[in-house]
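# Structural description and commentary
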Amino acid sequence: GNLSIILNYFFAGEIFELKAELNSDKKEKKKEAVKKVIASMTVGKDVSALFPDVVNCMQTDNLELKKLVYLYLMNYAKSQPDMAIMAVNTFVKDCEDPNPLIRALAVRTMGCIRVDKITEYLCEPLRKCLKDEDPYVRKTAAVCVAKLHDINAQLVEDQGFLDTLKDLISDSNPMVVANAVAALSEIAESHPNSNLLDLNPQTINKLLTALNECTEWGQIFILDCLANYTPRDDRESQSICERVTPRLSHANSAVVLSAVKVLMKFMEMLPKDLDYYGTLLKKLAPPLVTLLSAEPELQYVALRNINLIVQKRPEILKHEMKVFFVKYNDPIYVKLEKLDIMIRLASQANIAQVLAELKEYATEVDVDFVRKAVRAIGRCAIKVEQSAERCVSTLLDLIQTKVNYVVQEAIVVIKDIFRKYPNKYESVIATLCENLDSLDEPEARAAMIWIVGEYAERIDNADELLESFLEGFHDESTQVQLQLLTAIVKLFLKKPTETQELVQQVLSLATQDSDNPDLRDRGYIYWRLLSTDPVAAKEVVLAEKPLISEETDLIEPTLLDELICHIGSLASVYHKPPSAFVEGSRGVQHKRLPPRSGSPEGAHSGGAAIPEAVPAVIPSQGDLLGDLLNLDLGPPTTGVAPAPTSAMQMGAMDLLGGGLDSLVGGAALNCNCQTLGWYFLPHLQVWLLAMKAKGLEIAGTFSRRGGVIHMELSLTNKAMSVMTDFAIQFNRNSFGLAPAGPLQVLTPLSPNQTTEVSLPLSTVGPVMKMEPLNNLQVAVKNNIDVFYFSCLYPISILFVEDGKMERQVFLATWKDIPNENEAQFHIKDCHLNSDAASSKLQSSNIFTIAKRTVDNQDMLYQSIKLTNGIWVLAELRLQAGNSNYTVSGVLERERYRF
């Protein structure tokens, strides 16, 4: 306490001395005093008390002193806004100084003073500087507009600065053009729908002309802007590529990566049979190789970008394998990245070279790197089938070294090779069994147990080997315990007479002596299967396993296309889209590659056909009212779900502006739901395949109960490692759906485990119209990565409980809506009378307002209210003895806003 009092006393004395020096008549003394003030400010001392004295020093012709004063002003203007107004007159005066450096300094400082009170005073000086005769002042003023827009966007728009900024794109000075593009791009990022950068062929031509004469950072701004442009056709695309290609030989690596980004994007529009396409592929390789001769940190950034490029277009670097060979003095992060790229480039032509390198790496001293190298040999075997035998031979040579961690990694990858090529390399099992005693890592022990269990009929002493693991069962990790349980059950099914005692022992250990619920559950399932139906047990446990995929770690194609559009940025280093790590609204806008030349809009940008499995990720929905009428909404009479009813015929209803086709996916669907109490829950659809999400499979559906929308999720871990730290986030969507709380996965998700989660949703999230209207884009994060998928929600979950409209209001509303807003569609094969239909629809919040009968035809008038306050009015016509219904629907369209 006494020390701080003493320090404050001395500092107060120092402030007094500085005050006197700042008011000195001698210029040199003044300058030294301001330097002392800036030094104190830099180390964190509060020198704001000197504000009026420092501001008085602004009236000087000395450029160095003026810079120091402006620096002080920028730092303290926010805490002393009333005092900062004193400096306004000086700014205005400095903006008309004969020296362009002082004019530019004044306008730069103006943009950095983030005080609302004085921004309006700065508009006139800024306007003059934007039209200054000196290009240095103009380029500085251009950046100032972006800074001012961040403080007060409305003021910038009202003053017409944005139009002036657009005019600067046609400026004669290339640096002014570059800064104008940078400023407009910055503003456009925070206002994605503003269309500020209205890029057209004329503008693009001006930017390409300026590109050759800019400084390196100016070139980056222009190249980034060009990357946001979509050419009209392949000829324009080729023309731009030809003018950007010289930037590949620039000395600055950021310019090179920005040029690569533009070329990678525009190559999408070039036909592959074009001569220039092949030329461009050849020109892209040398600059990427040159980037690898920089310092390690730059190498790493280059390698992360090359990793994306190789996944998109491996042909660019297919002849450059040698540059990715690891050097002895490379840091570990560079080594691992090079290793990954080597596997991606591995092919039948270069596999011998790659394997020789990998075998060499496996003898190094860095344990982590050696492990990765051994795993890489296994990945080569899985990727290049012709090399599998050579890879297995290499792994056996490594096992003979008897180096503990090498042996263990080799056994883990050999297990994967067995799964990829069953009944082909089992002759090596004897060698693996010799090393059983040296295994001490859970993953290696689990892999060895899997091999023994899977090939028990070929191993004479399989029961003895598994029994040796069983002795310390409770000391093993969960992964090993689960694998051991399954392996012994497999052994029993293959050799029942010899292993009865062993299987009883493991089932007892798993079910009675274990605290792990996963292990207990699996033990009980096996026990009941074996005791009730051994034949079924054999079919389940010894079922044929699917072959593992060649590349499980490839980035999902849509995400890869987006990351290609972000080459040279942090997104390309993290391998995550900006929306995953940029807070706020910036970076949320998703970029994508243009459609390939000759392909329809929206086709897969890589040129390959979309796999047939994709439709299962975004399931089609059936006809809305048809599905609801055919659901059994009563309480269940048995525990069995009702059988699916016949498919509903799609209608041409236009309830929500985009047509029912756009609303619910456009295809008829069997009504396939299960009954839960008094609400219905559609069966789970697989939304995210395990092969696309590093082993995480997500299935789900939607329900509405108690007035709350729920996303019912089933998360399955099909990977080899435990999954934790789950979180979920939705993109903006048509009805503002958003998680109402965190994703509650309470325990770690072990391998082969499934957990069910019911996530309540709110409808107060950000809104953006989607195509189709009920499309929902979801991101799920865990300890491994972030994964993305889309799904379609049934529109019925948005029907609220207070959707019953007053009869008089209904009548008046129906009359007021124009005839062109009305549409009709038909429901076929629905055997319900009007009362049953009305009751069934009401349980889904479709309320009958009135009923009348005309010419033996019942007419039900119904109202629906959506969560965003939109009313849908419908007329349902039913005729006795006729199973075909007619529905007329109208919408209060003018209330529908996005």
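Rules of the game
- Residues numbered from 1 in each chain as written.
- Predicted model: local features only at pLDDT ≥ 70, side-chain atom pairs only at ≥ 80, totals over all residues.
- Heavy atoms only, no water.
- pLDDT = per-residue confidence, 0-100.
- Contact = heavy atoms within 4.5 Å.
- Phe/Tyr/Trp six-rings, centres within 6.5 Å; stacked < 30°, edge-to-face > 60°.
- Buried < 20%, exposed > 50% of the residue type's maximum accessible area, 1.4 Å probe, protein only.
- Pairing = 2+ DSSP bridges.
- Helix = DSSP H or I, 4+ residues; strand = E, 2+ residues; numbered from the N terminus.
- Axes fitted to C-alpha atoms, helices over the stretch in contact; angles between N-to-C directions.
- Parallel < 35°, antiparallel > 145°, perpendicular 65-115°, else oblique.
- Left-handed = near helix turned anticlockwise from the far one by under 90°.
- Expected span 1.5 Å × (residues − 1).

### Focus on the confidence of the model for the protein
Here the protein averages 80 in pLDDT, and 86% of its residues register 70 or above. The low-confidence segment residues 1-11, where pLDDT is below 50, has three contacts with residues more than four positions distant or belonging to other chains. Residue range residues 598-680 is modelled with pLDDT below 50. Its contacts to residues more than four positions away, or to other chains, number 177 contacts.

### Brief notes about the packing of aromatic side chains
One pass over the full model with this rule turns up 10 aromatic pairs. On the numbers, 6.1 Å between centres and 85° between planes, the contact of Y421 with Y425 is edge-to-face. On the accessibility criterion, Y425 (7% relative accessible area) is buried. Judged by centre distance (6.4 Å) and plane angle (85°), the rings of W450 and Y455 are edge-to-face.

### Some thoughts on the sheet that holds strand 6 (residues 727-730)
The strand order 6-9-10 describes an open sheet built from three strands, whose pairing is antiparallel. Each edge of the open sheet is held by one strand with a lone partner, namely strand 6 and strand 10 (786-792). Ignoring strand direction, the axes of neighbouring strands in this sheet form an average angle of 25°. Bridge count for strand 9 (residues 775-781) against strand 10 is seven bridges, and the pairing is antiparallel. When the bridges of strand 10 are listed, Q777 appears paired with S790.

### Quick look at unusual backbone geometry
Along the chain, E771 connects to P772 via a cis peptide bond; the corresponding omega equals -10°. For P772, the location among the structural elements is in the loop between strand 8 (754-762) and strand 9. Positive phi values are uncommon outside glycine, yet K694 reaches one of about 55°. Topologically, K694 is positioned in the loop between strand 3 (685-688) and strand 4 (696-705).

### Overview of the packing of helix 24 (residues 404-420) against helix 26 (residues 442-454)
As a packed pair, helix 24 and helix 26 sit with axes 8 Å apart at the nearest point and diverge in direction by 40°. One element, helix 24, and the other, helix 26, form an angle in the oblique class. Crossing angle aside, the handedness with which helix 24 passes helix 26 is left-handed. Here helix 24 contributes Q408, I411, V412, K415, F418 and R419 to the contact with helix 26, which in turn contributes E443, A444, A447, M448, W450 and I451.

### A look at the side chain of Q483
Tracing the chain through its elements places Q483 in helix 28 (residues 478-494). With relative accessibility at 16%, the residue Q483 sits in the buried group. The residues touching Q483, leaving out its near neighbours within four places in the chain, are A446, I449 and W450.

### Considering helix 24
Here helix 24 is 17 residues long and its end C-alpha atoms lie 25 Å apart, about the 24 Å a rise of 1.5 Å per residue gives. Across the 17 residues of helix 24, 13 count as buried, placing the element largely inside the fold.

### Brief notes about the pairing of strand 13 (residues 857-865)
Strand 13 sits mainly inside the fold: seven of its nine residues count as buried. For strand 12 (residues 847-854) and strand 13, the ladder comprises seven bridges, and the chain directions are antiparallel. Its bridge partner lying in strand 13, F847 is registered against S863. Taking the residues that link successive antiparallel strands as the turn, the strand 12-strand 13 hairpin has two residues, and the phi of D855 there is positive, at about 50°. Here strand 13 runs beside strand 14 (residues 871-879); their pairing, made up of nine bridges, is antiparallel. Paired with S863 across the strands is L873, a residue of strand 14.

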